[in-house]
Amino acid sequence: MVGVAARKPIDPAQARQAVVAVAEWIRDDAAQTPARPEIAAAVRLTARTLAHVAPGNSVEVRVPPYVAVQCIEGPRHTRGTPPNVVETDARSWLRMVTGVGEMAALIDAGKVTASGSRAGEVARWMPLFPL
């Protein structure tokens, strides 16, 4: 049997630092857009934090082009399109993660799509890094 590589441990301090580095952009529509590597770090570290604190494979969270993670306990998805998907852009994801925006409001605004009966459970874990 081939072993699966262990996921790199999440450093909460590093994730918080990445979020703080882009906090002005998260909060303020008029703020200058941070450099792509800064946005990528904040998105990837926060998404991986969600996967760590809410382990499982029943919901896939996608923040293209930066990251996709599976989270929340439940039936495992193995092939094709997952039945429970949350997809959003980087800024909307970071607004959810920091509590600047609520998932339901972002869905209503068309900034987040949530399909499947379990996708809404992601909101239970927010905010991960309150600003």
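> Can you help me understand the nonpolar core in this one?
Within soluble globular proteins, side chains that are nonpolar tend to cluster in buried spots. The biggest cluster of nonpolar side chains holds 37 residues, and the ones touching the most others in it are Val-43, Leu-50, Val-61, Trp-93 and Val-122. When residues of this core are traced back to their parent elements, those giving at least two are α1 (12-21), α2 (23-27), α3 (36-53), β1 (59-63), β2 (67-71), α4 (90-98) and α5 (103-108). Sort the elements by how many residues they give to this core and α3 lands first, with 8 residues. If we skip the residues at most four places from it in the chain, Trp-93 touches Val-43, Thr-46, Ala-47, Leu-50, Val-61, Val-63, Thr-88 and Met-126.

> When you look at α4 in this model, what are you seeing that I'm missing?
Working note: α-helix, 3.6 residues per turn, so residues spaced by three or four point in the same direction. Burial runs high along α4: 9 of the 9 residues are buried. Of the residues flanking the start of α4, the one acting as N-cap is Asp-89, its side-chain oxygen 3.2 Å from the backbone nitrogen of Arg-91. Gly-99 sits one or two residues past α4 and shows a positive phi near 85°.

> Which parts of the structure should I look at to understand the side chain of Gln-70?
Counting through the fold element by element, Gln-70 comes out in strand β2. For Gln-70, a relative accessible area of 19% corresponds to the buried category. Of the polar contacts made by the side chain of Gln-70, one reaches the side chain of Glu-60; its length is 3.3 Å.

> Would you explain the environment of Arg-95 in this entry?
If you trace the backbone, Arg-95 turns up in helix α4. For Arg-95, a relative accessible area of 17% translates into the label buried. C-alpha separation for the pair Arg-95 and Phe-129, spaced 34 residues apart in sequence, amounts to 9.8 Å. For Arg-95, the residues in contact, after removing those within four places along its chain, are Trp-25, Ile-26, Arg-27, Asp-28, Asp-29, Val-100 and Gly-101. At 2.7 Å, the side chain of Arg-95 forms a polar contact with the backbone oxygen of Ile-26.

> It is not clear to me how the packing of α1 against α3 should be interpreted in this structure. Could you clarify?
To characterise two packed helices, one gives the angle between the axes of the helices and the distance between these axes. For the pair α1 and α3, the least separation of the axes is 8 Å and the interaxial angle reads 140°. The pairing of α1 with α3 is recorded here as oblique in orientation. As α1 packs across α3, the resulting crossing turns out to be left-handed. Packed against α1, whose contacting residues are Gln-14, Ala-15, Ala-18, Val-19 and Ala-21, the element α3 presents Glu-38, Ala-41, Ala-42, Leu-45, Thr-46 and Thr-49 at the interface. Looking at the contact of α1 with α3, its residues break down into 7 nonpolar, 3 polar and 1 charged.

> It is not clear to me how the sheet that holds strand β4 (residues 112-115) should be interpreted in this structure. Could you clarify?
Consider a sheet: its strands pair through backbone hydrogen bonds, and that pairing is either parallel or antiparallel. The strand order across the open sheet built from 4 strands is β2-β1-β3-β4, with neighbouring strands paired in mixed fashion. Only two strands of the sheet have a single neighbouring strand rather than two, namely β2 and β4. Sheet twist, expressed as the mean angle between neighbouring strand axes with direction ignored, is 10°. Lying over the sheet, α3 contacts β1 and β2, oriented at roughly 10° with respect to β2.

Scoring rules and cut-offs
- Residues numbered from 1 in each chain as written.
- Predicted model: local features only at pLDDT ≥ 70, side-chain atom pairs only at ≥ 80, totals over all residues.
- Heavy atoms only, no water.
- Core = buried A, V, L, I, M, F, W, Y, C linked by side-chain atoms within 4.5 Å.
- Buried < 20%, exposed > 50% of the residue type's maximum accessible area, 1.4 Å probe, protein only.
- Helix = DSSP H or I, 4+ residues; strand = E, 2+ residues; numbered from the N terminus.
- Contact = heavy atoms within 4.5 Å.
- Polar contact = N/O pair within 3.5 Å; in protein donor to acceptor, adjacent residues only side chain to side chain.
- Axes fitted to C-alpha atoms, helices over the stretch in contact; angles between N-to-C directions.
- Parallel < 35°, antiparallel > 145°, perpendicular 65-115°, else oblique.
- Left-handed = near helix turned anticlockwise from the far one by under 90°.
- Nonpolar A, V, L, I, M, F, W, Y, C, P; charged D, E, K, R; others polar.
- Pairing = 2+ DSSP bridges.

Remember that the coordinates give geometry; whether it matters functionally is a separate question.
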